[in-house]
Amino acid sequence: MTETALRTPPKPGPGTVSTKNASVRQAGGTFRERSRFAKALLNVLQRTWLIALVFAIWWTASANSTNIFIPSLEDILLSLRRDLSNGVIGSGASYSLTNLGAGLLLAVVVGIAGGLVLGETRRLREIVDPVIHFFRSVPQAALVPLIIGAFGIGQGPKIYTIAFACMWPVLLNTIDGVLGVEPTIRKFSKVYRIPAGLHFRRVVLPAALPQIVAGIRVALPIGITVMVVSELFAANKGLGFYILNSSATFQVPETWAGALLVGVIGYILSLLFIVFERRILSWYFKSGAK
Amino acid sequence: MGLTSQRLLAVAALLAVWQLVIWSGSLPSMTPGVPAIVTAIANAFTSALFWTSLAQTMTAAVTGWVIAVTAGTVLGLVIGSVPMLDRSTSILIDFGRSFPVLALMPVVIMLLGATAQMEIFVVSLSCLWPVLVQTIYGARRMDASVVDTARTFQIPRLLWFRRILLPSATPFISTGIRISASIAILVSVGVEVLSQTPGIGRQITLAQQAQRWDQAFAYLFFAGLVGWGIAGLLNLAEGKILKWNRQAND
Amino acid sequence: MAVQAAPEQEQVATAPLLQVQGLTMSYGFGDAENKILNNLNLEVNDGEFVSIVGPSGVGKTTLLRVLSGLIRPKSGTVSVGGEAISGPHRDLAVVFQDYSRSLMPWMTTLENVAFPLQGRGVGKKERNEAAAKNLAAVGLGGQGHKYPWEMSGGMQQRVAIARALAYNAKVLLMDEPFASVDAQTRFDLEDLVIDLQSNLGVTIILVTHDIDEALYLADKVIVLAEKPATVVDVIETGFGDHRDQVETKADPRFAEARARILHRLRSH
Ligand SMILES: Nc1ncnc2c1ncn2[C@@H]1O[C@H](COP(=O)(O)OP(=O)(O)O)[C@@H](O)[C@H]1O
Ligand SMILES: [Mg+2]
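The written sequence of each chain sets the order in which its residues are numbered from 1. Throughout, the order in which chains and ligands are written sets their labels, letters from A for the former and numbers from 1 for the latter. Local features are withheld for residues below a pLDDT of 70 in this predicted model, meaning they are given only at 70 or higher, and side-chain atom pairs are given and counted only at 80 or more; totals for whole chains, interfaces and linings count all residues. As a convention, hydrogens and water are excluded, and side-chain values are obtained from all of the structure's heavy atoms.

Peer 1: So, the domain arrangement of chain C: which residues are in play, and what are the values?
Peer 2: As a measure of interface size, the accessible area lost when the parts come together is often cited. Residue and element names in this part refer to chain C. Its domain assignment divides chain C into domain 1 (2-88 + 169-176 + 193-266) and domain 2 (92-168). In this structure, domain 1 and domain 2 have C-alpha centres spaced 24 Å apart. Two residues qualify as a contact provided that any one of their heavy atoms is within 4.5 Å of a heavy atom in the partner residue. With 18 residues of domain 1 in contact, the opposing surface of domain 2 contributes 13 residues. Take the accessible area each of two parts loses on contact, using a 1.4 Å probe, and add the two losses: that sum is the buried area. Summing the contributions of domain 1 and of domain 2, the shared interface buries around 1300 Å²; its carbon and sulfur component is 72%. For domain 1, the biggest contributors to the area lost against domain 2 are Ala169, Leu172 and Leu196; these three give 38% of the whole. One side-chain nitrogen of Lys or Arg within 4 Å of one carboxyl oxygen of Asp or Glu is enough to make a salt bridge. Counting every contact that joins domain 1 to domain 2 gives zero salt bridges. Polar contact is the term for a pair of N or O atoms within 3.5 Å; when the atoms are in protein, one must be able to donate a hydrogen and the other to accept it, and sequence-neighboring residues count only if both atoms are side-chain atoms. The interface formed by domain 1 and domain 2 contains six residue pairs in polar contact (both at pLDDT 80 or more). Helical segments are the DSSP runs of H or I of at least four residues, strand segments are the runs of E of at least two, and each set is numbered from the N terminus. It is strand β7 (residues 171-175) that provides the largest number of residues to the side of domain 1 that touches domain 2, a total of five residues. For the side of domain 1 that touches domain 2, the residue count by class is 14 nonpolar, one polar and three charged. For each domain, the first and last residues come from an automatic or database assignment. When residue character is reported, Ala, Val, Leu, Ile, Met, Phe, Trp, Tyr, Cys and Pro are called nonpolar, Asp, Glu, Lys and Arg charged, and the others, Gly included, polar.

Peer 1: Outline helix α9 (residues 200-209) of chain B, supporting the account with residue identities and numerical values.
Peer 2: Throughout this description, buried means an accessible area under 20% of the type-specific maximum (1.4 Å probe, protein chains only), exposed means over 50%, and partly exposed covers the range between. Buried residues dominate α9 of chain B, accounting for seven of its 10 residues. Those residues of α9 of chain B hidden inside the fold are in contact with α7 (140-151) and α10 (196-233) of chain A together with α3 (48-81), α8 (157-195) and α10 (213-241) of chain B. Gln211 of chain B sits one or two residues past α9 of chain B and shows a positive phi near 60 degrees.

Peer 1: Could you give an account of the interface of chain A and chain B, with specific residues and numbers?
Peer 2: Taken together, the contact pairs 61 residues of chain A with 65 residues of chain B. Summed over both sides, the interface of chain A with chain B buries roughly 5600 Å², with 74% coming from carbon and sulfur. Summed over the shared surface of chain A and chain B, the result is zero salt bridges. Linking chain A with chain B are six residue pairs in polar contact (both at pLDDT 80 or more). Going through the elements one at a time, α1 (2-7), α2 (15-27), α3 (36-63), α6 (122-137), α7, α10, α11 (239-248) and α12 (252-280) of chain A are the ones with two or more residues in the side of chain A that touches chain B. When residues in the side of chain A that touches chain B are grouped by element, the largest group, 11 residues, is from α12 of chain A.

Peer 1: So, the site of ligand 1: which residues are in play, and what are the values?
Peer 2: Around ligand 1 sit 12 residues in total, of which Gly57, Gly59, Lys60, Thr61 and Thr62 of chain C are the nearest. Residues near ligand 1 are shared among chains A and C, making this a multi-chain site. Here a nitrogen atom of ligand 1 sits 3.5 Å away from a polar atom, N or O, in the side chain of Tyr27 of chain C. Within the backbone of Gly57 of chain C, an N or O atom sits 2.7 Å from an oxygen atom of ligand 1. For the area figures, the Shrake-Rupley method with a 1.4 Å probe applies, and any residue is considered shielded solely by the protein chains shown. Notes on ligand 1: free accessible area 560 Å², of which the protein chains cover 66%. Listing elements by their share of the shell around ligand 1, those giving two or more residues are α2 of chain A together with α2 (60-67) of chain C. The dominant element in the shell around ligand 1, judged by the number of residues it contributes, is α2 of chain C, at three residues. Classifying every residue of the shell around ligand 1 gives four nonpolar, seven polar and one charged. We call a residue near a given molecule or strand whenever any one of its heavy atoms falls within 4 Å of it.

Peer 1: So what's going on with the pairing of strand β1 (residues 18-27) of chain C? Residues and values would help.
Peer 2: Residue and element names in this part refer to chain C. Across the 10 residues that make up β1, a large majority, seven, are buried. Strands qualify as paired when DSSP identifies two bridges or more between them. Between the end of β1 and the start of strand β2 (residues 34-44), which pair antiparallel, lie six residues, with Gly28 showing a positive phi angle near 80 degrees. Judged from the five bridges that link them, β1 and strand β4 (residues 75-80) form a sheet pairing that is antiparallel. The residue of β4 that forms the bridge with Gln21 is Thr77.

Peer 1: Tell me what's going on with the sheet that holds β4 of chain C, and back it up with residues and numbers.
Peer 2: As a general point, the strands of a sheet are linked pairwise by backbone hydrogen bonds and lie either parallel or antiparallel. Residue and element names in this part refer to chain C. With antiparallel pairing, four strands are arranged side by side in an open sheet as β2-β1-β4-β5. Edge positions in the sheet fall to β2 and β5 (83-84), since each has one partner strand and no second. Pairing of β4 with β5, which is carried by two bridges, proceeds in the antiparallel orientation. Each residue of the ladder has a partner; that of Ser79, found in β5, is Ala84. On top of the sheet, α2 reaches β1, β2 and β4; it is set at about 120 degrees to β1, its chief contact. Axis lines are fitted to C-alpha atoms, over the contacting stretch for helices. Their N-to-C directions set the angle, which ranges from 0 to 180 degrees.

Peer 1: How would you sum up the pattern of salt bridges? Please name residues and give values.
Peer 2: Residues and elements named next belong to chain C. Tallying each qualifying case throughout the model produces 26 salt bridges over all chains. Measuring nitrogen to oxygen at the nearest pair gives 2.8 Å for the salt bridge that ties Arg101 to Asp98. The class for Arg101 is partly exposed, based on a relative accessible area of 25%. We note a salt bridge from Glu190 to Arg186, for which the minimum N-O separation is 3.4 Å. With Glu190 and Arg186 both in helix α7 (residues 183-200), this residue pair falls four residues apart, about one helical turn. We classify Glu190 as buried; its relative accessible area is 2%.

Take a look at the structure:
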């Protein structure tokens, strides 16, 4: 799991790759003499036409749907608007997102702390390695019935389930990050007798940060999935509950609306995460480090 | 003391802590102790129901995964090697990959029922994205020299696809395959938990509802074991298949 | 030199095998336009070995990419056998400078050499035989099972040459093929190319920034200079078919030609 994370940051590839391709394409002469504005417009169009098309097809194809399980897109959006404006979805979303935030935060704190310790102590890492890999292989969704069965449908158990599921990618990536710290930087720390606390906080942690953030990026969608599953399994609040409740009361457009909304929220969170990442790692992107 | 015995000791310590916590009474009373879990694990070995459930889960997971890998690789290679398509699909793909597919479960159950086909559908829809996204990365990163070489020798489209684009993207594709394998198990168990489609996930829920916590933990243990085993196997296979990649980029 | 079909014979006697007329090339458009090649003309006859020499950054690679049909010129034409080309061409094979990346690391050496033939629909047995033969011709007989990354830089460049030979093109285009190998390997490869050229009768156009290499290898040296680049000199070396790293380079004509090229490059 860690590897995508490591590979996803948009690093510029080997210089020749991009420049040569660009020149080949330009030499074809398609963009000749166009104003900057037209280019930007073309770019936006290129990126959005397919979404617009999918939307349009869905809209028209479902408009006269006779299948009660496939409501028209119009109905879905109307019920979405209604439940958004009357606050039903709003309160559910704030409950779900609070759980997600708390669970993720817990996972990040525990994951980073554990990762720093394990990354720095080789023997310990080797000893617990199989245990870690076993735990992170346990399908997180299978924990849901157990934790809810044991601790009930309250907020705490949901947060712990999310935290448990999200912890592993953070932990493993932190270990990778610590292991990847430049040996020269380490030596510097040793030579200047930087105290352990300061060494962790000001040397190892920042150096491992790109990897840690990548781990959090992997954890985020896992957290969202576990959040929804825990609410779909048993809850009395939240977005998952909204979907489940709509489905149980045969409010088909609302069921669709809820599911799509969770998707949109997932998408927005991933976009926000990119912004966050750019901020917290600006030194990393600016330095052009790999 | 050797590493292996230290590892075993660590596992033993973990189990001891578990047992102590149980004795201390700080976990809910139904949580099973170590002996109960061990017995349940042993019993599962001889239980036909267990093996059937495991087979059901694995069948759905593997089928959905294979579908996703095939579709994701082909689509990804096409999209990643045609810049116009790449730009057009980028938002749609970003949306798809961040979509928690399990949230669609109630809708999918309405449409397809709580069946094995439904499970396979959800698994392949979830597994598609990592493969697709990784393959697109891989296809985008074609080396300019390789592209030029293939062009000067006028390599036909299909051969180029099969012998150049595909192998050059395999390091990325295999990462996608590995990620999606763990997702396949996660999602198939998740689907079973939520929809009561037959499989390990359903057995865990049933065991929990019947207050057979020892059984539930045993099944959980096996689910983890299977996921672990598959991850290990794929790592091994990747190392073999991609020998050229490591060597060439030493 | 090479055997041609009867009806074309007359044309071949008069027209050069490869001809470049009024070639102009630039990168970018509008304000960002960067003119690289300006109104270039050159001719290469069948069986000739032509070096194109010029300082780094003058536009040699750009010229070679235009010649090989990888990029289209702003204006002007490249013709092969009297016909203007519009893209990569059957009669042109390219050996790139970056040999380590132009060989596919997932194919064995033999597969790499046979691959262009596979693209042309040649059967497996036949293409493998051709590949083995050409590997032997570059001194790599029996090493077809190895992967490129198991070989030294010099050997990899031999594989790239074998691949171009196996393609059986009339013209070999080489972009600084020996720029990134050590000196001894470089001499070996230079002599290999000379041998191959006289044995097989292919036409070679080799681009280099090294004046000695250009002179040593070629029948005709074309000097590129200025910005944007044009042909500032054409020198017939006249060393004949026999070359020797020591003898040829000690030839007074060699020193004279080198001085002339240096002078040309300096004065621009
Ligand atoms: N793809 C490209 N896009 C824009 N400029 C380029 C590109 N390739 C080369 N150039 C520029 O064209 C000039 C000539 O480059 P090149 O043909 O590679 O020179 P040479 O091979 O003689 O060293 C250089 O100034 C280089 O910066
Ligand atoms: Mg060059």
